[in-house]
Amino acid sequence: MSELNPKATPTSPEEVEAALAANAADELNRLQTELAELKAKSADLADQFLRAKAEAENARRRAEEEVSKARKFGIESFAESLLPVCDSLDAALTLESATAEQLREGSDATLRQLVSALERNKVVVIAPAVGEKFNPHQHQAISMVPAEQEANSVVSVLQKGYLIAERVLRPALVTVAAPK
């Protein structure tokens, strides 16, 4: 009967043993193939990991270099914008017979150049108007004086303040109206 049906159940112990050996050999071959595939996949993943690790290290190194350059040359544009101011001051000092009016005009022009250079580099003047409410984040009260205006408002500006990128570089020095 087993000759007519190859899928029939083996009857003799030799046939059982041969079937088990064939199954074991097939299973061993399948497991060896699966092991080889897993080893190849593992090697591929290890390679991908090493490449990603190297790429991350290169990105970190490039970022460190860029930060270093930014620190080193970050002031370059600011310095370049101040060069015309230096040129104007040098030119003013070379004039030997300048009148007071010429010196005044030159000083005004040089101050405009300087303020423009500061503004291009995000340095903004803090100059509160008289009567403006005192702002402790941007103003520094030097004294309180009796005044006809509302208490805690600016009476006068003794020295302008400056912001750089919305951060106080130096507060404006002001006198403030005392409470009545």
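Residues numbered from 1 in each chain as written. Predicted model: local features only at pLDDT ≥ 70, side-chain atom pairs only at ≥ 80, totals over all residues. Heavy atoms only, no water.

## Side note on the pairing of strand E5 (residues 167-170)
Both strand E4 (residues 161-164) and E5 contribute to a ladder of three bridges, which runs antiparallel. Pairing of Tyr162 across the sheet is with Arg170, part of E5. Hairpin connection of E4 to E5: two residues between the antiparallel strands, including Ala165 at a positive phi of 50°. (Pairing = 2+ DSSP bridges. Helix = DSSP H or I, 4+ residues; strand = E, 2+ residues; numbered from the N terminus.)

## Considerations on the sheet that holds strand E6 (residues 172-177)
Strand order in the open sheet formed by three strands is E2-E6-E3, and the pairing between neighbours is mixed. The sheet terminates laterally at strand E2 (139-145) and strand E3 (154-159), the two strands that pair on one side only. Within the sheet, the average angular offset between the axes of one strand and its neighbour, ignoring direction, is 30°. Sheet topology note: the E3/E6 ladder contains four bridges and is antiparallel. By the bridge assignment for E6, Gln159 is matched with Leu173. (Axes fitted to C-alpha atoms, helices over the stretch in contact; angles between N-to-C directions.)

## Comments concerning the sheet that holds E4
In spatial order, the strands read E1-E4-E5; together these three strands make up an open sheet with antiparallel pairing. The sheet terminates laterally at strand E1 (123-126) and E5, the two strands that pair on one side only. Looking at each pair of strands side by side, their axes are set apart by 35° on average, direction ignored.

## Brief notes about the environment of Val145
Here Val145 lies in strand E2. According to the relative accessible area criterion, Val145 is partly exposed, its value standing at 25%. Setting aside residues up to four positions removed in sequence, Val145 forms contacts with Val155, Val176, Ala177 and Ala178. (Buried < 20%, exposed > 50% of the residue type's maximum accessible area, 1.4 Å probe, protein only. Contact = heavy atoms within 4.5 Å.)

## Notes on the pattern of salt bridges
Here the structure, examined in full by the defined rule, presents seven salt bridges. Between Arg60 and Glu64 there is a salt bridge, and its shortest N-O distance comes to 2.4 Å. One end of the pair is Arg60 and the other is Glu64, both in helix H1 (residues 13-73) and four residues apart, which spans about a single turn. For Asp108, the salt bridge is made with Arg104, and the minimal N-O distance between the two is 3.7 Å. Here Arg104 and Asp108 lie together in helix H3 (residues 100-120), a separation of four residues that amounts to about one turn. Given a relative accessible area of 56%, Arg104 falls into the exposed group. Several salt bridges converge on common partners, so that one network encompasses Glu27, Arg30 and Glu34. (Salt bridge = Lys/Arg side-chain N within 4 Å of Asp/Glu carboxyl O.)

## Re the environment of Val67
Note on placement: Val67 falls in helix H1. The class for Val67 is partly exposed, based on a relative accessible area of 40%. Spatially, the C-alpha atoms of Val67 and Ala129 are 40 Å apart, while their sequence positions differ by 62 residues.

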